[in-house]
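# Survey of secondary and tertiary structure
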Amino acid sequence: MKILVTGGAGFIGSNFIHYMMKNHPEDSIVNLDLLTYAGNLESLKGLEDRRNYRFVQGDIADRPFVMKLFEQEKFDWVVNFAAESHVDRSIVDPGVFVRTNIMGTQVLLDASREFGIKRCHQVSTDEVYGDLPLDRRDLFFTEQTPLHTSSPYSASKAGADLLVLAYHRTFGLPVTISRCSNNYGAYQFPEKMIPLMLTRALKDEPLPVYGTGENVRDWLHVEDHCAAIDRIMRDGRAGEVYNIGGHNEKTNLEVVRTILKALGKPESLIRFVEDRKGHDLRYAIDPAKLETELSWKPRYTFETGIRQTIDWYLGHQEWWQHILDGEYSEYFRKMYKM
Ligand code: NAD
Ligand code: TYD
């Protein structure tokens, strides 16, 4: 099987490539990534010389370039991780989210039609469902929950999902979509909550918690996400959406306190800062369809996953220090005024 992985230099894409190299060495992968601020080839170290892996730098929204790549490579499958992925950045600059997340997806869909791709998998997010109230812990997102987005990021992901489903219904393109809860684990860019808190706590720097810290996220270890995508691509039904989550709901304050405790750092590092605009209250996935149809189950609990993640960041200081020393420091100063 020859697989195009887009966005493979990002957090989940790089984990997915490592997962596939380990579990399916018979497949070959072309990793197409633009290397935006979030793309990092250091996350793929050690794979450069593999005969079944190749990196190509390019933009999924660049139609002539993508068409040429499809023509040359004759892919069997496409899995699309490439995206602008950070809600806070989408509040500052929505345009690039529309371009990459919607228009880029459309280019991949057109190329997949033209070159007879056998399975196109779109990596989406639970954020397309909007949010749930904090006082109704009995409510969960199912695949039938209406799309009801809050941020320019989630709106652009929902737009892409609708296009993917339209290409299935209208043109018969063999697509699947997965909508996952918040991921954590190795190689996550330190603008996202868990690595941001972790790397700052390690340096005894203040930890910016938005609003009251009571917002709830449903956390899934990235390796469990990768295993689920692999399962859906191989055995999922074309035209279907699958929710991915592991019932690990935590308030942001609970997560921050867990990190501080594990590192032996004081809670006095916590700073409550101005809330995010339009901040979603609670995400919670019902993964029953994936569990019953495809027998998927997460391997990590939040407790084992966060321990593994903390150990990874402790052991890979150079990986994240490079990022903190680069252009990201300017983003942090502007964004947080800290
Ligand atoms: P990320 O920001 O870490 O990585 C995105 C990657 O896409 C980067 O390597 C970047 O260089 C690349 N990219 C951006 N624009 C591109 C373009 N125009 N052409 C080619 N490459 C481009 O994101 P992530 O956290 O790894 O998320 C991957 C996917 O999973 C996204 O589609 C996101 O919406 C989805 N998702 C993420 C989470 C999460 O918790 N991180 C949860 C559910 C779903
Ligand atoms: P984030 O990692 O940005 O993921 P998402 O917004 O896609 O869920 O944020 C996770 C939660 O943490 C979210 O409720 C916002 C909150 N948060 C903070 O409190 N402080 C921060 O500095 C960041 C980045 C996020």
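Everything that follows concerns the structure shown earlier in this document.
This one's a predicted model, so the numbers in the text were calculated from it and none came from an experiment.

In terms of nonpolar packing, the biggest core is built from 34 residues, with Ile194, Ile259 and Tyr328 touching the most fellow members. When residues of this core are traced back to their parent elements, those giving at least two are α6 (193-202), β8 (207-210), α8 (252-263), α10 (302-315), α11 (317-325) and α12 (328-336). With six residues, α8 is the single largest residue contributor to this core. The contact partners of isoleucine 259, leaving out residues within four places of it in the chain, are Ile194, Met197, Leu198, Ile306 and Ile310.

Attention now moves to the environment of arginine 299. Relative to the helices and strands, arginine 299 is located in the loop between α9 (288-294) and α10. A relative accessible area of 66% means that arginine 299 is categorised as exposed. Once residues within four sequence positions are removed from consideration, arginine 299 is found in contact with Glu223 and Asp224.

Moving on, we get to the side chain of aspartate 224. Topologically, aspartate 224 is positioned in helix α7 (residues 222-235). Lacking a salt bridge, the buried aspartate 224 has arginine 299 as its closest oppositely charged neighbour, with an N-O distance of 5.3 Å. Setting aside chain neighbours within four positions, we find aspartate 224 in contact with Trp296, Pro298, Arg299 and Tyr300.

With respect to spatial proximity, 28 residues lie near ligand 1, and among them Ile12, Asp33, Ser85, Tyr153 and Lys157 are the closest. One nitrogen or oxygen atom from the main chain of isoleucine 12 is found 2.8 Å from an oxygen atom belonging to ligand 1. Between isoleucine 60 and ligand 1, the recorded distance is 3.0 Å, taken from a backbone N or O atom to a nitrogen atom. Of all the secondary structure elements, the ones that give two or more residues to the shell around ligand 1 are α1 (11-23), β5 (119-125), α5 (152-171) and β7 (182-184). With three residues, the top contributor of residues to the shell around ligand 1 is β5.

Our focus in this paragraph is unusual backbone geometry. With a phi angle near 60°, aspartate 204 is a residue other than glycine that sits in the positive phi range. Following the sequence through the fold, aspartate 204 ends up in the loop between α6 and β8. Positive phi outside glycine occurs at histidine 247, with the angle close to 55°. On the basis of relative accessible area, histidine 247 is assigned to the partly exposed category, the value being 44%.

This part is about the packing of aromatic side chains. Applying the stated criterion across every chain yields a total of 20 aromatic pairs. Summarising the aromatic geometry, the rings of tyrosine 187 and tryptophan 319 are spaced 5.9 Å apart at their centres and angled 70° between planes, so their arrangement reads as edge-to-face. Of the two residues, tyrosine 187 is situated in the loop between β7 and α6 and tryptophan 319 in helix α11; the sequence distance between them amounts to 132 residues. The same class applies to tyrosine 187 and to tryptophan 319, which are both buried. Through a chain of ring-to-ring contacts, the aromatic side chains of Tyr37, Phe189, Tyr210, Tyr328, Tyr331, Phe332 and Tyr336 assemble into a single cluster. The lysine or arginine in question, arginine 89, covers the ring of tyrosine 37, its NZ or CZ lying 3.5 Å from the ring centre. The ring of tyrosine 331 carries the charged tip of arginine 89 above its face, separated from the ring centre by 4.0 Å.

Let us now look at the site of ligand 2. In the neighbourhood of ligand 2, 19 residues make up the surrounding shell, with Glu127, Arg217, Arg276, His279 and Tyr336 lying closest. Asparagine 252 is positioned with one of its side-chain polar atoms (N or O) 2.9 Å from an oxygen atom of ligand 2. Within the side chain of histidine 279, an N or O atom sits 2.7 Å from an oxygen atom of ligand 2. Starting from 510 Å² of accessible surface for ligand 2 in isolation, the protein chains cover 97%. For the shell around ligand 2, the class distribution of residues is nine nonpolar, five polar and five charged.

Closest axis-to-axis distance for the helix α2 (residues 63-73)/helix α4 (residues 95-114) pair is 10 Å, and the angle between their directions is 35°. Of the two elements, α2 crosses α4, and the hand of that crossing is right-handed. Taken together, the residues of α4 that come into contact with α2 (itself represented by Arg63, Val66, Met67 and Phe70) are Gln106, Val107, Leu108, Asp110, Ala111, Ser112 and Glu114. Split into classes, the residues belonging to the contact of α2 with α4 amount to six nonpolar, two polar and three charged.

What counts and what doesn't
Residues numbered from 1 in each chain as written. Chains lettered and ligands numbered in written order. Predicted model: local features only at pLDDT ≥ 70, side-chain atom pairs only at ≥ 80, totals over all residues. Heavy atoms only, no water. Core = buried A, V, L, I, M, F, W, Y, C linked by side-chain atoms within 4.5 Å. Buried < 20%, exposed > 50% of the residue type's maximum accessible area, 1.4 Å probe, protein only. Helix = DSSP H or I, 4+ residues; strand = E, 2+ residues; numbered from the N terminus. Contact = heavy atoms within 4.5 Å. Lys, Arg positive; Asp, Glu negative; His and termini not counted. Salt bridge = Lys/Arg side-chain N within 4 Å of Asp/Glu carboxyl O. Near = heavy atom within 4 Å. Polar contact = N/O pair within 3.5 Å; in protein donor to acceptor, adjacent residues only side chain to side chain. Phe/Tyr/Trp six-rings, centres within 6.5 Å; stacked < 30°, edge-to-face > 60°. Lys NZ or Arg CZ within 6 Å of the ring centre and 35° of its normal. Areas by Shrake-Rupley, 256 points an atom, 1.4 Å probe, with all protein chains shown as cover. Nonpolar A, V, L, I, M, F, W, Y, C, P; charged D, E, K, R; others polar. Axes fitted to C-alpha atoms, helices over the stretch in contact; angles between N-to-C directions. Left-handed = near helix turned anticlockwise from the far one by under 90°.

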